[in-house]
Amino acid sequence: MPQLVGRVARGDEAAFELLYSVIAGPVYGVVLRTLHSPAHAEEVAQEVLLEVWRTAAAYRPERGAVMTWVLVCAHRRAVDRVRAVQASAERDRRVGLRETCPGDPPEEQALRSLERRRVRSALRQLSAAQREAVVLAYYGGYTQREIAHRTGVPLGTVKTRVRDGLLRLRAAITPDAGSAGLLPAPDRTAA
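Report on the accompanying structure. (Residues numbered from 1 in each chain as written. Predicted model: local features only at pLDDT ≥ 70, side-chain atom pairs only at ≥ 80, totals over all residues. Heavy atoms only, no water.)

With respect to a nonpolar patch on the surface
A contiguous nonpolar surface patch, about 350 Å² in accessible area, is contributed by Val-135, Tyr-138, Tyr-139 and Leu-166. Mapped onto the fold, Tyr-139 is located in the loop between helix H6 (128–138) and helix H7 (144–151). (Patch = residues over 30% accessible without salt bridge, like charges linked within 9 Å, V, L, I, M, F, W, Y side chains within 5 Å. Areas by Shrake-Rupley, 256 points an atom, 1.4 Å probe, with all protein chains shown as cover. Salt bridge = Lys/Arg side-chain N within 4 Å of Asp/Glu carboxyl O. Helix = DSSP H or I, 4+ residues; strand = E, 2+ residues; numbered from the N terminus.)

Take a look at the structure:
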């Protein structure tokens with residue numbers, strides 16, 4: 001199988017078809033056992049197989065068997081998804097706790113409503129690329145690596161967009177952010 005991975009690394013689609021036929025089932029099995037959701041498992045397995053296609057050149061035979069390399073990638077990706085889902089659920093829970101409750105005093109309801117409007121307004125001030133990265137990270141629960149794979153953008157670019165987007169959000173939401181040296185970050189996404 002190492003020769004097959006070598007051919008895949010050189011872009012040989014026929015070799016990838018053969019490799020796919022051997023690894024697709026085990027990849028799906030590992031991911032399904034971790035996620036317990038066939039829909040999520042299919043999505044993550046597809047991401048893993050795409051990763052194998054893209055990173056086949058990174059495989060080193062002296063570090064282990066091909067199947068081991070692929071299944072480790074699958075397990076890591078599945079664990080990343082579990083963490084992302086848990087983080088999203090925790091954020092949703094915290095937001096739910098902050099949501100307006102009928103028994104809240106009117107001033108608290110008004111403050112929460114104002115806060116939501118300020119966040120929405122600040123999000124609209126971001127570039128489309130920054131807004132997408134921030135929304136996927138904080139509302140979608142995706143890791144930066146997952147955002148990179150999902151959007152087809154390099155990981156470093158995603159990290160920059162999230163960082164710059166958060167700085168610009170802070171500057172827009174916090175009235176004295178400018179005096180703290182947090183001026184809106186330049187939009188590095190053009191080009």
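Considering the packing of aromatic side chains
Both the distance between ring centres and the angle between the ring planes are used here to describe each pair of aromatic rings. Per the counting criterion, the structure on display carries 3 aromatic pairs. Relative to Trp-53, the ring of Phe-16 has its centre 5.2 Å away and its plane inclined at 65 degrees; by these criteria the two rings are edge-to-face. In this pair, Phe-16 is assigned in helix H2 (residues 13–35) and Trp-53 in helix H3 (residues 38–55), connecting sequence segments 37 residues apart. Residue classification places Phe-16 among the buried residues on the basis of a relative accessible area of 16%. Its relative accessible area of 28% is what places Trp-53 among the partly exposed residues. (Phe/Tyr/Trp six-rings, centres within 6.5 Å; stacked < 30°, edge-to-face > 60°. Buried < 20%, exposed > 50% of the residue type's maximum accessible area, 1.4 Å probe, protein only.)

Here we look at the environment of Arg-170
Mapped onto the elements of the fold, Arg-170 is located in helix H8 (residues 155–173). The class for Arg-170 is partly exposed, based on a relative accessible area of 47%. Sequence spacing of Arg-170 and Val-119 is 51 residues, and the spatial spacing of their C-alpha atoms is 9.5 Å.

Details of unusual backbone geometry
Its identity as a non-glycine residue notwithstanding, His-36 has a phi of 60 degrees, on the positive side. Here His-36 is to be found in the loop between H2 and H3. Judged by relative accessible area, His-36 falls into the exposed class, the value being 66%.

Things to note about the pattern of salt bridges
Tallied over the entire structure, the rule returns 7 salt bridges. Residues Asp-12 and Arg-7 are paired through a salt bridge, measuring 3.0 Å at the closest nitrogen-oxygen approach. On the basis of relative accessible area, Asp-12 is assigned to the partly exposed category, the value being 26%. Notably, a salt bridge pairs Arg-77 with Glu-51, separated by 2.6 Å at the nearest N-O pair. Pair noted here: Arg-77 is in helix H4 (residues 66–98) and Glu-51 is in helix H3, with a separation of 26 residues, a long-range link. Look at Arg-77 and you get buried, because its relative accessible area is 4%.

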